[in-house]
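Structural characterization, general
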Amino acid sequence: GNSVTQMEGPVTLSEEAFLTINCTYTATGYPSLFWYVQYPGEGLQLLLKATKADDKGSNKGFEATYRKETTSFHLEKGSVQVSDSAVYFCALRSSIQGAQKLVFGQGTRLTINP
Amino acid sequence: EAGVAQSPRYKIIEKRQSVAFWCNPISGHATLYWYQQILGQGPKLLIQFQNNGVVDDSQLPKDRFSAERLKGVDSTLKIQPAKLEDSAVYLCASSSQRDNYEQYFGPGTRLTVT
């Protein structure tokens, strides 16, 4: 079945450091790929997405490129801020018998120190 | 536009008791989802509704969990009887075709079973 594997956390960085959170997936067909973010005490929010191979999703300085050849969708940011501290989830969405099903990775907790 | 509403935000019960969660999706969203998020894991889909019909309930433990969406708007998720391993955050999400099925999440209900 479909699955998503994320880099294990927690990840702790200093402000202005470069961030990479690895995500790889296993899926049949051509899924869409997503990064969601969960700030403390809040629900999941969509951060960025890519719907086909070689697409780059970007938002709030974060980027991720859909790499079909390596089945990856790594999240990057050039200079992190304290406000980026949150849990990040990689997910894929596939259409199975009419259902749009999201499958999530286990999440990576990111802490940014000033 | 109002987001997905859930209540209660927190619930503590003893094992073998019953509990119910309520979700009000974004207006006009035909598809509604319930997810279970155990601490340290990504959300797992329990059930998906399209209007008031079930599209996918393959991961719903039907011996103790039930869900309904009688009028195709609000939904309730019930657990009876609860077990210790049901302690989790229960997330509701909704989506619509007009938004390319992007899922919008509510804040969740944190359930603790003692």
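Residues numbered from 1 in each chain as written. Chains lettered and ligands numbered in written order. Predicted model: local features only at pLDDT ≥ 70, side-chain atom pairs only at ≥ 80, totals over all residues. Heavy atoms only, no water.

Let us now look at the pattern of salt bridges. When charged atoms on two side chains of opposite charge get close, those side chains can pair. All told, the structure shown has 7 salt bridges over all chains when counted by the stated rule. For B:Glu102, the salt bridge identified is with A:Lys49, shortest N-O distance 3.9 Å. Separated into two different chains, B:Glu102 in the loop between strand E9 (88–95) and strand E10 (104–105) and A:Lys49 in strand E6 (residues 44–50) make up a pair that spans both. The class of B:Glu102 is buried, set by a relative accessible area of 14%. Between B:Arg64 and B:Asp86 there is a salt bridge; the shortest N-O distance is 2.5 Å. One end of the pair, B:Arg64, is in the loop between strand E6 (53–56) and strand E7 (65–68); the other, B:Asp86, is in the loop between strand E8 (75–79) and E9, and 22 residues separate them in sequence. Of the residues examined, B:Arg64 reaches a relative accessible area of 12% and is grouped as buried. Note on B:Asp86: relative accessible area 2%, which makes it buried. (Salt bridge = Lys/Arg side-chain N within 4 Å of Asp/Glu carboxyl O. Helix = DSSP H or I, 4+ residues; strand = E, 2+ residues; numbered from the N terminus. Buried < 20%, exposed > 50% of the residue type's maximum accessible area, 1.4 Å probe, protein only.)

Next up on the list: the packing of aromatic side chains. This structure, assessed with the given rule, holds 12 aromatic pairs over all chains. When the ring of A:Tyr36 is compared with that of A:Phe104, the centres are 5.6 Å apart and the planes differ by 55°; the resulting orientation is tilted. In this pair, A:Tyr36 sits in strand E5 (residues 32–38) while A:Phe104 sits in strand E11 (residues 99–104), placing the two residues 68 residues apart along the sequence. Consider the rings of B:Tyr35 and B:Phe105, whose centres lie 5.4 Å apart with planes at 45°: the pair is tilted. Highlighted residues: B:Tyr35 in strand E4 (residues 31–37) and B:Phe105 in strand E10, separated in sequence by 70 residues. An identical accessibility class is assigned to B:Tyr35 and B:Phe105; each is buried. (Phe/Tyr/Trp six-rings, centres within 6.5 Å; stacked < 30°, edge-to-face > 60°.)

Residue and element names in this part refer to chain B. Here 4 strands make up an open sheet; going across it, the order is E1-E3-E8-E7 and the pairing antiparallel. At either end of the open sheet lies a strand with only one pairing partner, and these are strand E1 (5–7) and E7. In this sheet, adjacent strand axes meet at a mean angle of 15° when their direction is disregarded. Sheet topology places E7 next to E8; 4 bridges connect them, and they run antiparallel. Residue pairing for E8: Phe65 is matched across the bridge by Ile79. (Pairing = 2+ DSSP bridges. Axes fitted to C-alpha atoms, helices over the stretch in contact; angles between N-to-C directions.)

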